[in-house]
Amino acid sequence: MNSGLHFHIDANDGASRRFTVTITVNGPFSGNILEFRFPRWVPGSYFIREPIQHLTDLSATIDGKSATAKRIDVDGVRIQGVSSAKSVTISYRLLAIEMTCRANHIDETHLHMMPPYTWMIPSRGIEKNRLDQRHKVTLDKPKKWHTATQLPGKEGEWYAEGRDELLDGIMESNANEMHSFEVDGCIQYLKIWDSGGFESSLDRTKEFVSAMEKIVREHYALFGTPDWKEYFTILHLTEAGRGGLEHLRSQTSMMPRRALQDGNEDDWRDLISLFSHEFLHQWNVKRLRPKNFLDYELQKEVHSDLLWWFEGLTSWLGDVICLRSGAWSEEDYRKDWTRKMKRHLQRNGMEHESLQESSHDAWIHLYCPNSYSREVHISYYLEGELAVFCLDVEIRKRSKGEFGLDDVLVRLYNKHHIDAEDPGINHADIKRELVNIPGARRLGSFLDELVSGRKSPLVEDAIKKLGMTMVPEKEEKGAWLGLNLSVNSGAVKVTSHHSNSPCRDFIHTGDEIIAVNNLRIRNVKELNAAIFDKIDNEIEITICRQAVLQRVAVKPISNPNYKVKLDGKGNKIWRSIADTKQ
Ligand SMILES: [Zn+2]
């Protein structure tokens, strides 16, 4: 049933970096006042962003005649005198220059449209159930552009079944070719846009498409072929920006363009991992959700203690699927594991914040870190992934390699996806499904402690159960200060401390290291040389703090040589994780 709501964009003036939105609401109206609200945050990115800040030139008409559109509160617009109107429109322009996956971006070459950054939604003045009906969505854009969008319809005119679909229906419109391939009757589209207009190598693009295909097949082997038959991957290539955002039948992923240039193995691996992560979110986050995310309230913060499950598990399984599918080699997996362990072992945040606490406080911590954050706060992505990894190993050990946490996810998905009889999950649902796995009957308290306790998961023990050990990447000799540093034009500055840094109480983040025992320091190599033989010996470090020179006494210690590398071939349980399910 049509809602009588029409959402329109005019994107013909990309050079202005703005596009125009017109929203038409047909009567009947339920009173004399019609109000709209601009979403204040974007699902998947837990931070109040106030996208209404980009709005200008607000105007309204009632039955074609100019009317007053009055701004109310931080997020609203009110129009009076609508009771007997046939239709009301509001119109506004939006600045679209934020180059992230969660925001709008427009220029002469493309439009990336993010619905919660674009659409105001009627909040008063019409029957509420109209929001659940079919909305019309149209786009007027330069002739050469073609649009990638998960919304059904035809170029320039689509529809969205209800509010959730409307607010999830992103668009990428540009003149670039749309790549496509089919897996088990489902068509996969890839639309690339480069932020500077650089043309990526076609060979590398083809390689990426072939990696995508492997990953898609491996997902289908786990979850079954989906009911939805189209999926759009929008890939933005940038100078340095990176990120990803999931949608019901699409993703926007952003990577430095070097990921598609030869010789950048780490970025290439990251690109594949990012695609897999966002693809997996179709099941875990977009269709299987926390109970209180079923109908997103976008005008205020909505908290969940389960983000460790939705992001940590997706990070873990997304990468496992890269490995299982062959898109990553085992060497890729091991190299990435080392990268993760380096981040994990630098800080002791896990002793100050549990995964549930970190999930709940995403709104005030994750998206606004400072240089001391990681001492007491954790990322539920990384630490969630490692915790989930440990839980998976425990299930596999107890079920003799027959079941894993991916089976728990699939069972939860089948019972609680958004269209199921009992949609949405909470901690108790995860626990129930976990202990029903053969062999995992006693893992309930293991799970509780893992996510509510303030301590690091026992990753090294879990690795041993897989027939491997953790070893240092290479034996580092010489003294150690435990500082992360930035070097800019010969200025060596402290960006953060490792846990156990002997400098923690003497040198602040932001301090510049000028000299060690009167020897001038201009780069990290010079610093390491100056302290090399000073293990447990006091040295004098000259720092510059707020433009004032100071001298501090520090006793460097020996390098902790973090065990970050996987060693050994692995046993049968490891194979049950790593081998394809196809
Ligand atoms: Zn994610």
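Provided above is the structure to which this section pertains.
Residues numbered from 1 in each chain as written. Predicted model: local features only at pLDDT ≥ 70, side-chain atom pairs only at ≥ 80, totals over all residues. Heavy atoms only, no water.

Draft legend 1. Structural detail: the packing of aromatic side chains. Per the stated rule, a full pass over the model turns up 26 aromatic pairs. With centroids separated by 4.7 Å and ring planes inclined at 75 degrees, the aromatic side chains of tyrosine 231 and phenylalanine 279 adopt a geometry described as edge-to-face. Of this pair, tyrosine 231 sits in strand β19 (residues 230–238) while phenylalanine 279 sits in helix α3 (residues 265–280), placing them 48 residues apart in sequence. By relative accessible area, tyrosine 231 is classed as buried at 1%. An aromatic cluster is defined as three or more aromatic residues linked by ring pairs; in this entry it consists of Phe208, Tyr220, Phe223, Trp228, Tyr231, Trp268, Phe275, Phe279, Trp283 and Tyr413. (Phe/Tyr/Trp six-rings, centres within 6.5 Å; stacked < 30°, edge-to-face > 60°. Helix = DSSP H or I, 4+ residues; strand = E, 2+ residues; numbered from the N terminus. Buried < 20%, exposed > 50% of the residue type's maximum accessible area, 1.4 Å probe, protein only.)

Draft legend 2. Spatial organisation of the sheet that holds strand β6 (residues 70–72). On the basis of which strands lie adjacent, the open sheet formed by 4 strands has the order β6-β7-β3-β11 and antiparallel pairing. Sheet topology places β6 and β11 (121–124) at the edges, where each strand pairs with a single neighbour. Adjacent strand axes in the sheet meet at a mean angle of 35 degrees, parallel and antiparallel pairs treated alike. Pairing between β6 and strand β7 (residues 76–80): 3 bridges, direction antiparallel. Among the inter-strand pairings, isoleucine 72 is bridged to a residue of β7, identified as glycine 76. (Pairing = 2+ DSSP bridges. Axes fitted to C-alpha atoms, helices over the stretch in contact; angles between N-to-C directions.)

Draft legend 3. Inspection of the pattern of salt bridges at higher detail. Following the criterion strictly, the structure yields 52 salt bridges and no others. Arginine 396 is paired through a salt bridge with aspartate 406; the nearest N and O atoms lie 3.1 Å apart. Of the two residues, arginine 396 sits in helix α8 (residues 382–398) while aspartate 406 sits in helix α9 (residues 405–416), which places them 10 residues apart along the sequence. In this pair, the class of arginine 396 matches that of aspartate 406, namely buried. Connected through salt bridges with shared partners, the residues Glu35, Arg37, Asp73, Asp75, Arg78 and Arg124 form a single ionic network. (Salt bridge = Lys/Arg side-chain N within 4 Å of Asp/Glu carboxyl O.)

Draft legend 4. Spatial organisation of the coordination of the zinc ion. For the zinc ion, the full set of protein donor atoms is His277 (NE2), His281 (NE2) and Glu311 (OE), and the range of their distances to it is 2.0 to 2.1 Å. Positions of the donor residues of the zinc ion, expressed as sequence spacing, correspond to H-x3-H-x29-E. Histidine 281 matches histidine 277 in its accessibility class, with the two residues each being buried. (Donors = N, O, S within 2.8 Å, 3.2 Å for Na, K, Ca; no water.)

Draft legend 5. Here's a closer look at the sheet that holds strand β15 (residues 157–161). Strand order in the open sheet formed by 8 strands is β5-β4-β8-β2-β1-β12-β15-β14, and the pairing between neighbours is mixed. Unpaired on one side and paired on the other, β5 (65–67) and β14 (153–154) mark the two borders of the sheet. The sheet contact formed by strand β12 (residues 134–140) and β15 spans 5 bridges and is antiparallel. Within β15, the residue paired with threonine 138 across the bridge is glutamate 157.

Draft legend 6. Spatial organisation of unusual backbone geometry. In this structure, the amide linkage connecting glycine 27 to the following residue, proline 28, adopts the cis form with an omega of 5 degrees. Summarising the element assignment, proline 28 is placed in the loop between β2 (18–26) and β3 (33–37). For serine 489, which is not glycine, the phi torsion reads 45 degrees and is therefore positive. By secondary structure assignment, the location of serine 489 is in the loop between β24 (483–488) and β25 (491–497). In this model, alanine 547 sits at a positive phi of 70 degrees, which is unusual for a non-glycine residue.

Read these as geometric descriptors, not functional statements.
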